[in-house]
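# Notes for the structure review
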Amino acid sequence: MLRRLTAFLLRSRPLCSAMPCTRSSVGVDMDRMHRFRVAQMSCPSLDSSGDSIFWIESSLGVSILAKAALDHPEEVERFSLEAVTEYTLCRGNASAVVRCDPGMRDSPRLCIVHFGEGVESRIVGIPSLVCTRIYGAIGESRSVLVGALGGDGDLEHLYELDTSNGLWCEAWHNEAGYSQWLVDDLGVVHGGVREQQDGSVLISCDGVGETLHVPPPEALNVKVLRVCRDGTLWISRTVKGHSVVEHHGAAVETAFETEELAFFSDMAFNPAEEPLTVTVHATRASTIPCSLEGRRLCELVRSDLGRDVDFRLLSLGPSGRYAALFLSDVEAPSIAVVCLDGESVVFRPQRSVSVVRPWRCRGFEFVARDGLAMNGYLTGELGESGLVVNIHGGPWARNEWAYDAECQWLCDLGFACLQVNFRGSVGVGGMVSEAGVRQWGRAMQTDLIDAVEHCRRRGWVTSEEFGLFGWSYGGFAAILGSLCWPEVKFAVAISPPVNLVSMLEGMPRSWSAIRYRLAYFIGDAQAEPGCLEEISPAVLVKDECVESFCPMFIARGADDARVSVTDVDRFLEDAAARGWECEGYRHEGGHGLGSAGDSARMYSVIEEFIASAIGGRATIGK
């Protein structure tokens with residue numbers, strides 16, 4: 001079985017030649033990555049008065065909560081919380097509930113931020129709740145509905161958290177086995193989503209005529225866009241490979257439909273819950289108006305921005321006068337606020353910019369060897385530069401046309417950076433997502449080679465050799481590629497799952513609700529014995545027929561709840577016993593990095609490793 005897999009991956013490989021590095025040699029720069037860690041803003045929300053805006057600001061590998069008044073954008077208040085993943089504002093603007101997961105240790109903590117009125121804001125931690133999701137404020141009260149794991153198992157129950165005193169109580173016990181609750185913007189529960197053993201999904205909502213059954217593999221692409229106060233639903237899903245937006249009530253109405261390589265990701269509504277805009281993601285993101293009000297807003301934003309930028313309308317203030325936007329471009333993601341009865345954008349906070357001019361990001365489409373169309377992005381100088389394939393994690397994720405600090409860092413080392421939305425990625429259309437079922441280590445790998453070959457045919461890159469770089473699933477794919485493709489010059493794998501059997505058996509509690517989806521998508525070891533072992537690097541390293549073609553760098557976190565550190569250490573020991581060139585590194589975080597200093601240290605070590613692997617010192621860019 002292992003020999004068949006290896007032969008499959010080695011098929012149609014090109015001849016090798018020297019891998020160029022285009023810039024003059026210098027020593028390792030400890031601050032190189034931090035020059036590209038510009039402040040990136042996301043998740044904007046307007047408070048109930050319409051006077052202030054909140055957002056998550058990420059810089060130097062740390063995500064914090066920030067606040068500013070619309071009439072004084074230069075006066076930004078930043079709260080000393082690390083690794084903010086989500087937040088919600090309470091009614092009355094007095095506080096917010098924030099979820100943090102430092103280092104992606106899968107042990108998130110919940111905090112209440114009390115905003116100061118002439119005094120310093122204060123933060124109160126809620127250590128006893130293992131929060132999985134924040135669902136929103138409850139009516140006009142100062143309470144918030146949060147999802148958290150109960151002491152009786154791995155299901156997510158709903159708790160009411162009183163922000164005035166930090167007390168909480170169970171509001172809904174999860175007897176139905178929901179993996180996600182359906183809650184409207186007033187905190188009213190209308191139903192939930194259940195994962196089934198066959199990989200399908202059941203969606204039950206009290207304003208919908210009957211339970212919606214979404215079969216596999218279409219269940220991979222279901223996204224709830226809005227739970228309305230009358231219990232009806234707006235959802236994005238795929239039907240026969242095409243992405244559609246449906247309104248589910250007493251009947252089902254299809255509101256929008258896209259071509260194959262696209263997916264509806266966001267939808268904005270006015271205070272009366274009437275659709276304003278919908279955002280569709282293809283190679284670029286486009287915001288489409290759903291009404292005259294939405295059309296005017298889109299025209300206003302486009303005329304004011306004055307540059308090549310994608311935007312998404314994410315929320316409206318309760319008054320309906322102001323709208324919060326997320327802006328995506330190749331300089332740095334940011335936010336803005338537009339006044340619907342005005343003539344321009346009324347708020348755009350100052351953002352830091354890279355001290356180095358960002359390299360250009362180009363989106364493109366290509367066709368894999370089996371005829372499946374997909375897309376990708378190439379950042380950096382074309383022609384004589386070396387090439388690094390930066391493989392996204394998940395794999396239920398996607399790359400976008402946007403500023404990417406890691407890509408910019410790789411370009412500064414002298415490489416062009418290739419990102420591929422290979423099969424199994426989500427948010428890229430049903431055909432691509434659904435084609436990834438049971439394709440870990442198989443066609444999901446060869447899609448990467450096909451993208452490289454496409455770039456060579458177009459003349460964008462000339463080198464026959466390339467490097468592999470990836471986090472999580474991307475790290476798994478990088479290791480596997482180094483074992484199968486002689487043209488790979490080096491592989492960097494951060495937090496990679498090397499043993500898929502133990503990964504699924506030892507998954508964190510927060511994953512338990514999607515265990516059936518994982519088994520359907522990756523493989524079921526009980527139903528198909530050996531299906532996971534044959535693609536696990538921890539097993540391949542022991543096969544004498546498998547060879548390592550390049551140096552590997554493998555980093556793992558000290559407190560990683562998703563990837564077994566023991567498995568990674570054992571793989572490193574087995575690789576050393578085989579005589580493979582494999583360097584291990586342990587950082588301070590979990591599945592992600594622990595701090596800005598942790599980030600600086602790891603990337604400087606990786607820079608030294610890459611310099612050694614390509615036969616010369618890593619180089620400074622322009």
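Relevant structure appears above.
About the criteria used
- Residues numbered from 1 in each chain as written.
- Predicted model: local features only at pLDDT ≥ 70, side-chain atom pairs only at ≥ 80, totals over all residues.
- Heavy atoms only, no water.
- Helix = DSSP H or I, 4+ residues; strand = E, 2+ residues; numbered from the N terminus.
- Buried < 20%, exposed > 50% of the residue type's maximum accessible area, 1.4 Å probe, protein only.
- Contact = heavy atoms within 4.5 Å.
- Areas by Shrake-Rupley, 256 points an atom, 1.4 Å probe, with all protein chains shown as cover.
- Pairing = 2+ DSSP bridges.
- Right-handed = clockwise from strand over helix to strand, strands pointing away.
- Salt bridge = Lys/Arg side-chain N within 4 Å of Asp/Glu carboxyl O.
- Axes fitted to C-alpha atoms, helices over the stretch in contact; angles between N-to-C directions.
- Core = buried A, V, L, I, M, F, W, Y, C linked by side-chain atoms within 4.5 Å.
- Phe/Tyr/Trp six-rings, centres within 6.5 Å; stacked < 30°, edge-to-face > 60°.
- Lys NZ or Arg CZ within 6 Å of the ring centre and 35° of its normal.
- Polar contact = N/O pair within 3.5 Å; in protein donor to acceptor, adjacent residues only side chain to side chain.

### Quick notes on the overall build of the chain
Of the regular secondary structure elements, the chain holds twelve helices and 35 strands. Classification of the 622 residues of the chain by burial places 60% in the buried group. Considering only residue pairs separated by 6 or more positions, the chain has 55% of its internal contacts joining residues 24 or more positions apart. Total accessible area on the chain stands at roughly 23,700 Å², and carbon and sulfur atoms take up 49% of it.

### Focus: the pairing of strand 33 (residues 488–494)
The buried fraction of strand 33 amounts to six of the seven residues, a majority that puts the element mostly inside the structure. One ladder, built from six bridges, connects strand 32 (residues 466–471) with strand 33; its direction is parallel. The residue bridging tryptophan 471 from the neighbouring strand is isoleucine 494, located in strand 33. In this fold, the crossover linking strand 32 to strand 33 by way of helix 7 (residues 473–484) has right-handed handedness. Here four bridges tie strand 33 to strand 34 (residues 552–557), and the two strands are oriented parallel to one another. Counted as the bridge partner of valine 492 is phenylalanine 553 from strand 34.

### Topic: the pattern of salt bridges
Summed over all chains, the structure comprises 26 salt bridges. Arginine 423 is the salt-bridge partner of aspartate 370, the closest N and O atoms lying 2.8 Å from each other. Remark: arginine 423 occurs in the loop between strand 31 (415–420) and helix 5 (430–434) and aspartate 370 occurs in the loop between strand 28 (361–367) and strand 29 (373–379); sequence separation between them is 53 residues. Overall, arginine 423 belongs to the buried group, its relative accessible area being 5%. In this structure, a network of salt bridges that share partners links the residues Asp185, Arg226, Arg229 and Glu273.

### Some details on the environment of isoleucine 535
Here isoleucine 535 is to be found in the loop between helix 9 (515–522) and helix 10 (537–540). According to the relative accessible area criterion, isoleucine 535 is buried, its value standing at 0%. Placed 95 residues apart in sequence, isoleucine 535 and tryptophan 440 show a C-alpha to C-alpha distance of 7.4 Å.

### Brief notes about the sheet that holds strand 27 (residues 345–347)
Overall, antiparallel pairing links the four strands, which are arranged 24-25-26-27 in an open sheet. Edge strands, defined here as strands with exactly one partner in the open sheet, are strand 24 (310–316) and strand 27. Averaged over all pairs of adjacent strands, the angle between strand axes in this sheet comes to 40°, irrespective of strand direction. Helix 3 (residues 292–305) rests against strand 24, strand 25 (322–328), strand 26 (334–339) and strand 27 of the sheet, and its axis sits at about 130° to strand 24.

### Re the sheet that holds strand 4 (residues 72–79)
Sheet strands pair via backbone hydrogen bonds, and the direction of the pair is either parallel or antiparallel. Taken in spatial order, the four strands line up as 1-2-3-4 in an open sheet, and their pairing is antiparallel. Where the open sheet ends on each side, the last strands, each with one partner, are strand 1 (40–46) and strand 4. Across the sheet, the mean angle from the axis of one strand to that of its neighbour is 30°, orientation sign disregarded. Looking at chain direction, strand 1 and strand 2 (residues 52–59) are connected through five bridges and run antiparallel. Counterpart to glutamine 40 in the pairing with strand 2 is serine 58.

### Focus: the nonpolar core
The biggest cluster of nonpolar side chains holds 67 residues, and the ones touching the most others in it are Ile391, Leu418, Trp440, Phe466, Leu468 and Ile522. Membership of the second largest hydrophobic core comes to 27 residues, among which are Val388, Tyr403, Ile606 and Ile610.

### A look at the packing of aromatic side chains
Under the criterion given, the structure shown has 19 aromatic pairs. On the numbers, 5.1 Å between centres and 80° between planes, the contact of tyrosine 178 with tryptophan 181 is edge-to-face. For tyrosine 178, a relative accessible area of 12% gives the class buried. Through pairs of rings, three or more aromatic residues link up here, namely Phe415, Phe490, Phe553, Tyr585 and Phe609. Positioned over the ring face of tryptophan 401 is arginine 284, at 3.5 Å from the centre of the ring. The lysine or arginine in question, arginine 517, covers the ring of tryptophan 396, its NZ or CZ lying 5.5 Å from the ring centre.

### Quick look at helix 4 (residues 405–412)
For helix 4, the tally of buried residues reaches eight of eight residues, placing the bulk of the element in the interior. Residues of helix 4 that are buried include every one of Ala405, Glu406, Cys407, Gln408, Trp409, Leu410, Cys411 and Asp412, and no others. Where helix 4 begins, the side chain of aspartate 404 points an oxygen toward the backbone nitrogen of glutamate 406, at a separation of 3.0 Å. Once helix 4 ends, the next one or two residues include glycine 414, with phi positive near 110°.

### What to know about the environment of glutamate 533
In this fold, glutamate 533 is placed in the loop between helix 9 and helix 10. Sequence spacing of glutamate 533 and valine 501 is 32 residues, and the spatial spacing of their C-alpha atoms is 7.0 Å.

### Looking at the pairing of strand 9 (residues 131–137)
Of all seven residues in strand 9, six are buried, a share of seventy percent or more. Relative to strand 10 (residues 143–149), strand 9 runs antiparallel, the two being bridged by five bridges. Along strand 10, the bridge assignment pairs glycine 136 with leucine 145. Linking strand 9 to strand 10, which pair antiparallel, is a turn of five residues; within it glycine 139 sits at a positive phi near 55°.

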